[in-house]
Amino acid sequence: MQISFTCFAAFLLLTSSLLFAQTALDVDPMLGADKGGNVFVGPTLPFGMAKPGPDYGDNEGNAGWKATGDLNGFSQLHVSGTGGGPKYGNILIQPQVGKADPAHSASPRKGEHVEVGYYAVTLADSGIHAEVTTARRTPIYRFTYPQSGERTLLVDVGHLLMRRHDSPHRYHESQVVYSTEVHVISPTEIAGMQASVMGWNIQTTPMRVYFYLLTDTPATSSGTWEDGKTVRAGSRTAAYKMPFTMATLPNPPAPIVSTGAYLTFAPGQKPVMAKVGISFVSIEQAKKNALDEISGFDFDDTRYAAVGAWNKALSPVNIKGGTKSERQQFATGLYHSMLMPVDRTGENPLWSSSAPYYDDFYCIWDTFRSSTPLLTLLDQKRVVSILQSLLDIQDHDHFFLDGRSGNFSGRTQGGSDAEMMFTDAFLKHLPGLDWERVYGAMVHDADVNSPEPVRFGRGDMADWKQLGYLSIEHSDPAGGPDRPGSRSMEYAANDYAVALMAHGLHHDADAQKFLTRAQNWKKLWDPDAVDHTEGGDVRGFIWIRHADGKWKENFDPHLVGTWYQDNFYEATTWTYSLYVPQDVRELIKTTGGASAFKHRLDLFFAPDIAGRYRYDVGNEPGFLSPYLYNWIGQQSSTAKRIRSILPASYHTGTGGLPGNDDSGAMGSFLVFNQLGFFPVAAQDVYLIGSPTFPQSTLHLANGKTFSILAENTSTANIYVEKVTWNGKPYDRSWFTHEQLMNGGELHLTMTDHPVHWETGAPPPSMSDKPGTIQTP
C-alpha cells in the first residue's frame, strides 16, 4: 500500500509527541555529512547491517555522499564518520531511462530529501525519482520513472568506494575489486557476489558480499556487461578476476572495475519496486533475507518500521528546553552513536557460533571513551552483545581487536582499548559475561606479543616489560618506529584497566603487576622538555626515548603524525602529557602542583591555536581534558571550557561536526556534555560539567530514572553555584555509576559567574593510596 507523506508525517508527530521527548523527528541525518564529518546519510536501523545510500562524484567519499558531483547510484553498504581510505560501497544500483548504458549512467541531482529511515532524490537528467528505505539486511527502492520510454535498472557489481591516489603510509588504503560474478536469474531477479581486498584496515583476505535483487515488475529484456561497460544484450552471466596477486597490487591501486547486469522494463506509470537482500554468507542467505525481512514490496511499512526502531532506541533519554538547534544536535548525536558497530549476527562467514557477531569497529580507540559508556546507560543489553562478540572474535584471532571491518581485524590505532570496554562493563556490573574467561583473554592480550600488532593485540612487549616504554627502535615489528609515544601512554592506561579487573576478581598478584606497569607513563616524562609559549615557559612533557634510554633529539611540542613514525598519533605531547586517566593526582604532582597544573590547562585551551598543537576537540585522546580541572577543585573552569567548546565546534547543517564523527565518538562526546556530565572510561566515575538543558532524564535498565536539573541554565548562566542530590547538599564534582543507577535527581543551580562551591574530595586516582587499587 502507498500512504501519503502527509499521513506519514502525522504518524511521526503523534509518535514523537505522545511517547518520547526526543525521537527520529529531531534527528538530521545530514548533520555532519560534509567538511570531513563523513557521516552516513542514507536509511538504516540501529546498528543495522544494510546501509543503502547514494555514492556521488569521484566515489571517494568515506560514506558515499558528497556535496558536489553527479549521482553514480546507490550502494548497499557504508560506514559512518570514518577517515582514511573508504570501505564498502558494494553492489551499486542505478535507474536509467532508455536502453542500458552503464558508461553514461551518472546524473546530476536535484531535490534531495533525507529523514531517519528514508532518502530520496531526483535524477535531474532523466526526471527519475528515487527513494530508498531499509530493513536490517534488505534495502528496498521505489523508482518512479517518466511515463514514456523504456525503464532500465543497472546493477554494478564491480563498484566500490575508492581512494585513487598515492598513500603516504606503508600500505595504500584504497579498496580493490578481487572478483565478481553476476547472474540474471529471471525477468525479476539478479543475484551475484563481489569480493574485495584492502581499504583502511588493509584487508588481505577477500571480503565477499552476496546479493539477491528482486523487482515487482518483470523485465522485457536483460543483459550484462564486463570491464569496459560494453553491454551484452541477452547475456545472463558476467564475471571478473583481479589480474594481480596481493604481493603485486599496484600503488596507486588498480583501475576501476565495472561488471554488472541490467533489467529493462516496458514504459509504465507504476513505480518499479526493487529489494536487495544482502549477505556475507551466500546468495541463498541473501535471498532469504530479502524474502523474510520485507513482506512483498511494502516500502511504507518498511519505512515506518525503521522509524519505530529508532524511536525505541532514542527513547531512554528525554530532554526539556534548549534551542531547536541544540535539541537537533543532541538527538543527532545519539543517532550517530548507534550507527556502528554493525550487528551481523547470523552473517559470520568465518566460523559458526552461538555468540552475537558484530563488525565495523572503526575503531575502539575512538569509541571507548564516550560512545560505549553512553550506550551502557541507554542499552545495556546491546553493550553485552557487543562485548560477547568481541570475546568470540578474540577466541579466533587470539587477541582483542581495535579496528575491524569486512570481517577482518585491523587497524590498531593505540593500545588494547577493548580492555577498557570490558573493564568499564565489569565495574558497572553488566550481566551476561563470564568474567574469568574475559579476564584470561585480557591478560593474554596484555602480556603476549601479537604477531600482527597493526591488526590486533599489542606489539613491542619486550620493551614494554623491560624498559617500561616502547622505544623508537623497536615499536614497529618491521623495524623502526611506529607511534611509540602515544602507544606507551595508552598501554599504561590499558594496564590499569587490567589491574582493576584483577583486583575485582581477587587475582592479587596480577593486580599488583599491572598496577606497577600502569605507572610506566612516568618513564616518558622528561622534566627538562620545555615549550616557550605565549604564557611563559611550560616545563615537563611526555617525550619519546631510544632503547638505550636517551631522549629523542630536539624536543618538539608541535610533533604530530600517524603511522610508522617516531611520534604521537594524531596529537602532540601537549595532549598526551595530560592523558593519564588512571592517575590524575600523580600527574598534577608531576607537573608541579595544582597551580602549575591549572596554568598548563589554561594554556592548553587557549583560543586561536592552530591545528593539533594543543587542544583539538576532534581528537579523542583529549576528550577528558576539559574535566581535569575537577581534580584541583576548579570545576568552574571545567564549566567554562565545556560551554565554550560546544558552540564553537558543533552546530546544525552538513558541516556541523568538528571533523570525522569517528563512528559516533564526536556525537556521544556532545551528548554527554549537553547532559552535563562525562565518564572516566574504564572507571566507575562521572564528572560534573555544565548542562545545556534545564532538565534531562535517563530511563535506566533497572527501571529507575536519573534526572539532571540545571536551574537557570543559559548561555550566560554556565557556572554551578550549588548542588543537591535528591534534595540534600552534595559536595563533590563527581559521582559513581552506582549512584546514578540508584536513580534520583542531581539538581544544579546555575549562575553567570564563577563560584567556588565546595567539591570536597577530588575524583579517585590510582595514587590516592600508593600501591593499592582505588575504587570510589
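Our subject is the structure listed above.
Criteria and cut-off values
- Residues numbered from 1 in each chain as written.
- Predicted model: local features only at pLDDT ≥ 70, side-chain atom pairs only at ≥ 80, totals over all residues.
- Heavy atoms only, no water.
- Pairing = 2+ DSSP bridges.
- Helix = DSSP H or I, 4+ residues; strand = E, 2+ residues; numbered from the N terminus.
- Axes fitted to C-alpha atoms, helices over the stretch in contact; angles between N-to-C directions.
- Polar contact = N/O pair within 3.5 Å; in protein donor to acceptor, adjacent residues only side chain to side chain.
- Contact = heavy atoms within 4.5 Å.
- Buried < 20%, exposed > 50% of the residue type's maximum accessible area, 1.4 Å probe, protein only.
- Arc of directions from axis to C-beta.

A. Structural detail: the sheet that holds strand 25 (residues 685-688). Judged by pairing direction, the sheet is antiparallel, and its 3 strands sit side by side in the order 24-25-30 without closing on themselves. A single partner strand is all that each edge strand has here, and the edge strands are strand 24 (677-680) and strand 30 (734-736). For this sheet, the mean angle separating the axes of adjacent strands, direction not counted, is 30 degrees. Sheet topology places strand 24 next to strand 25; 4 bridges connect them, and they run antiparallel. Across the sheet, proline 679 pairs through a bridge with tyrosine 686, a residue of strand 25.

B. Representation of the side chain of threonine 134 within the structure. In this fold, threonine 134 is placed in strand 6 (residues 129-134). Among the polar contacts made by the side chain of threonine 134, one reaches the main-chain carbonyl oxygen of threonine 138 at a distance of 3.3 Å. When neighbours within four sequence positions are excluded, threonine 134 is seen to be in contact with Pro43, Thr44, Leu45, Ala50, Pro52, Pro139, Ile140, Thr302 and Ala306.

C. Highlighting the sheet that holds strand 9 (residues 175-186). With respect to topology, 9 strands assemble into an open sheet ordered 4-5-6-7-16-11-10-9-14, the strand pairing being antiparallel. Of all strands in the sheet, those bounded by a partner on one side alone are strand 4 (109-115) and strand 14 (237-241). Across this sheet, the average inter-strand angle for adjacent strands is 15 degrees, counted without regard to direction. Pairing of strand 9 with strand 10 (residues 189-198) involves 10 bridges; the strand directions are antiparallel. Directly across from serine 186, in strand 10, lies its bridge partner glutamate 189. On top of the sheet, helix 3 (residues 299-314) reaches strand 4, strand 5 (118-123), strand 6, strand 7 (139-144) and strand 16 (272-279); it is set at about 50 degrees to strand 6, its chief contact.

D. Helix 2 (residues 283-293), seen in detail. Along helix 2, the residues classified as buried are Ala286, Asn289 and Ala290. Down the axis of helix 2, the sector holding all buried residues measures 95 degrees, keeping them to one side. Seen from the buried face of helix 2, the exposed residues on the opposite side, beyond 90 degrees, are Glu284 and Asp292.

E. Seen up close, the environment of tyrosine 56. By secondary structure assignment, the location of tyrosine 56 is in strand 1 (residues 53-56). Residue class for tyrosine 56 comes out buried when judged on its relative accessible area of 0%. With 405 residues separating them in the primary sequence, tyrosine 56 and methionine 461 have C-alpha atoms 44 Å apart.

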